[in-house]
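Below are the chains, spelled out letter by letter.
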Amino acid sequence: MTPCRRHAARDLAPVLLLASIAAATSASRAQEEPWWPADLPRRVATPLDESPAERDDRMAWWREARFGMFIHWGLYAIPSGTWKGKRTGGAEWILNAARIHPDEYMPLREQFDPVEFDPTQWAMIARNAGMKYLVITSKHHDGFCLWPSEFTDFDVDSTPFRRDVLGELAEACRREGVVLCFYHSIMDWTHPDYLPRRAWDDRPTEGADFERYVSTMHSQVKELIDRYRPAVLWFDGEWEDTWTHARGAATYDLVRTADPAIIVNNRVDVGREGMAGLTRAGGFRGDFGTPEQEIPPTGLPSGVDWETCMTMNRSWGHQSFDLEFKSVEDLIRKLVDIASKGGNFLLNVGPDARGNFPPESIARLAAIGRWMDLNGESIHGTRASCFGDLPWGRCTRRSLPRGTDLDPPHDFHVVEVADERLYLHVFERPASGELRLTGLMNMPIAMQGVGDRGAYFLADPGAGALPVRREGADVVITLPSTLPDPIDTVVVLDIEGEAVVVGPPAIAPGDGAIFVDELAVEITSPSDEVEIRYTLDGSAPTMASQRVEGAIRLTDSATILAACFLNRAPASGVSRASVTRVVPKPAIAVLTSQPGLVASAYHGTFRQVPDFATLAPVSEQVVERVGVAARPRGDEYALRFRGLLEVPATGVWEFRLTSDDGSRLLIDGELVIDNDGLHSATERTGRIALEKGLHRLEVGFFEASGQDDVVLEWSGPGVERQAVPASACSH
Ligand code: FHN
């Protein structure tokens, strides 16, 4: 399904009016005049008031696609991680990694001449890999534009190559049936109006007008939309202080007004939760979440659209010496894992300076394509699994119209009564030789005596039916002694009705919980037809075990096992949680204390939180709370916060430490959170039982390069999650 280009049949009058205004002004558009008429009412009626059904219509092709190609390409492919003979790394970040002044970086355009660039080949490689869309960097953080723009001369037009890369790729994508999308960086390290400057960029900031930069960026985005009609705008680089929710919302509004069918990611605004990528509550714009280099764990809220973007090696842009490419098995299983959780996979390629995909990328994409040729039906158009963790692999599924003879994917089966098709992705053949689908309440078609309609291999239906039987709440499929595909053998099981799976009961608080005096444990199931039985001694629950009748009050440690039962038979797997009663750490007595924490700063190149006892601080000050305000000048540094924490009530306290780069939290000398290492903004939590009163607090933090941040939050008896207040800090 290609993206719906028609504008929704809604009253488009305001937008059409706007379009005419924009058209009228476009001819006389000057650099400084925003194409967006400033006097237009703040709220644009049509595209932003879409109904859930209209949003589903707009997102339909993207959800169906499941798999896309990411392309990072620009001037940075020329140095490819090496600057003046030194392997600085950084790939598309080389301006940062080698601390290159823009005046020294921008002349790279005189070398940009990718004579082997073949957009048709790029689009065909994407299509043959089963990738339905392609997201290419129209402009990355370095500010270089891959299209001839009216609004800058830092573009392909000012290179020996001169060809319109995006225009040629747009044409090729249309011919090959790949949906064209653009990545566009908000952050711009070379534009004279962009702020903040890089630390080594001594160009004067006087006269730099960030508003003018935003207006220019808006004009370029509109130029891209008008010329190339991208289906997605994938913003990035939204993390610097100059970018705000107001600007993000305005940019989202402009894009959606210019073309209401466009899909925009959540990095247009400032609501992204770090590299985990989902959008936090608070009305932040963005149509889908953008986990980066990671796949969210199961349990994502249903109805949330998200896409994991990932490199094939370790670099986004071309880096000649980065040969750490992921295996085909790893990439296919990541694609399946993501689809089984209802997400999209945006897999990156970094072309070289001559316009070629790395041979390692081409080989992997071809192998993925061969797997997709046989199994693509189990990815495209599917939705998230109906099961919890499956020890042997994953599940994807699609609804099937009841009673119609679908154009069978294989003449072996004509679907007549199935309502849902399950795709069981077997990564590892269970030792038992059986796939056990615990809690699947539906009747598999295979058990309706309709001929030999067992389960079957999607890639080879002719291999015959696999026996299917029911054992209580479980459906069991018998596998042959060997599986045809060592990476992922897909078994098809058609079932009557939409899948109903009675999952194991939920135990709250979960495994590993600690408590001081008494703990109330809730054991629940979404299915109100079942009864739940549990044990506290680690033995498997049976019909003779205690039945859950409301909250269970514990005054001692216990190992809780619980399962659902239906018609006196097990109807789910077993849930397990060990909870421990602990003694709270005693408060310490101090004679006097002063407000604030002592923050010691250290210079150095750190790759983890250092052993501060071996270092001499370059500065020491009292700060209100944990944070980067205590940072010294310069990019590479470490901070140590020490003091006392006033705990208002005895009980179990949960701390949350978010930092870019690494950090650690100790209380009374005990390591509560280890969030150490080189990483972008990442959060970790930890729990500790504390007595009301004062406790020794220490936070260690280091910054290697790029963004820096460290935030300490807590929650506990009578305290909702919040930053640890200054009032609780002393020394
Ligand atoms: O800084 C960019 C990086 O270069 C790359 O474009 C990735 C891809 O999503 N995004 C940012 C890092 O999070």
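The paragraphs below set out a description of the structure included in this document. The numbering scheme is per chain: residues are counted from 1 as the chain's sequence reads. In keeping with the predicted nature of the model, local features appear solely for residues at pLDDT of at least 70, side-chain atom pairs appear and are counted solely at 80 or more, and the whole-chain, interface and lining totals rest on all residues. Neither water nor hydrogens contribute to the side-chain values; these are computed over all heavy atoms in the structure.

**Brief notes about the site of the ligand**
Formally: Neighbouring residues are identified by heavy atoms, a residue being near a molecule or strand if any of them is within 4 Å of it. In the analysis that follows, any N or O atom pair within 3.5 Å is treated as a polar contact, provided that within protein one partner can donate a hydrogen and the other can accept it, and provided that, for residues neighboring in sequence, both atoms belong to side chains. For the accessible areas, the method is Shrake-Rupley and the probe is 1.4 Å, while residue cover comes only from the protein chains on display.
Near the ligand there are 15 residues, and of these H72, E92, W93, H141 and D236 occur at the shortest range. For the ligand, an oxygen atom lies 2.7 Å from a polar atom in the side chain of W93. A distance of 3.5 Å is found between an oxygen atom of the ligand and a side-chain nitrogen or oxygen belonging to R267. Protein chains shield 94% of the accessible area of the ligand, which is 320 Å² for the free molecule.

**Topic: the pattern of salt bridges**
Just so we agree on the cut-off: When a carboxyl oxygen of Asp or Glu lies within 4 Å of a side-chain nitrogen of Lys or Arg, that pair is called a salt bridge. Put simply, DSSP H or I for four residues or longer makes a helix, DSSP E for two residues or longer makes a strand, and each gets a number counted from the N terminus. The classification of residues rests on relative accessible area computed with a 1.4 Å probe and restricted to protein chains. Under 20% of the type maximum is buried, over 50% is exposed, and intermediate values are partly exposed.
Across all of its chains, the model carries 57 salt bridges by this definition. For the salt bridge of E50 with R256, the shortest nitrogen-to-oxygen distance reads 3.5 Å. With E50 in the loop between α2 (45-48) and α3 (52-65) and R256 in helix α9 (residues 245-258), the pair connects residues that are 206 residues apart, well separated along the chain. Each member of the pair, E50 as well as R256, carries the same accessibility label: buried. When the shortest N-O distance is used, the salt bridge between D305 and R63 registers 2.8 Å. Taken together, the residues span a long stretch of sequence, with D305 in the loop between β7 (263-264) and β8 (307-310) and R63 in helix α3 at a distance of 242 residues. One network of salt bridges, in which partners are shared, links E50, R55, D56, R58, R63, R256, D287 and D305.

**Thoughts on helix α6 (residues 119-128)**
As a reminder, the rule being used: What the arc covers is the set of directions going from the helix axis to the C-beta atoms. A contact between two residues is defined here by any heavy atoms of the two lying within 4.5 Å.
Along α6, the residues that are buried comprise P119, W122, A123, I125 and A126. All buried residues of α6 fall inside an arc of 160° around its axis, so they share one side. The inward-facing, buried residues of α6 contact β1 (67-71), β4 (133-139), α7 (165-176) and α11 (359-375). Residue D118 occupies the N-cap position of α6, its side-chain oxygen lying 3.0 Å from the main-chain nitrogen of T120. Directly beyond the C-terminal end of α6, a positive phi value near 90° is found at G130.

**Describing the sheet that holds strand β34 (residues 719-723)**
Put simply, the rule is: For two strands to count as paired, DSSP must find a minimum of two bridges between them. Convention adopted: a line fitted to C-alpha atoms gives each axis, helices being fitted over their contacting stretch, and angles between N-to-C directions are expressed from 0 to 180 degrees.
Overall, antiparallel pairing links the four strands, which are arranged β31-β28-β33-β34 in an open sheet. Of all strands in the sheet, those bounded by a partner on one side alone are β31 (682-690) and β34. Neighbour-to-neighbour, the strand axes of this sheet turn through a mean angle of 15°, independent of strand direction. Bridge count between strand β28 (residues 651-660) and β31: nine bridges; the pairing is antiparallel. When the bridges of β31 are listed, F655 appears paired with G686.

**Thoughts on unusual backbone geometry**
Across the junction of L195 and P196, the peptide omega takes the value 5°, indicating a cis bond. Secondary-structure assignment places P196 in the loop between β5 (179-185) and α8 (210-228). For the peptide bond that leads from A508 to P509, omega is -5°, which places it in the cis range. The topology assignment puts P509 in the loop between β17 (506-508) and β18 (514-515). In this structure, R568 is a non-glycine residue whose phi angle is positive, near 65°. Structurally, R568 is set in the loop between β23 (558-566) and β24 (569-581). Here R568 falls in the exposed class, since its relative accessible area comes to 64%.

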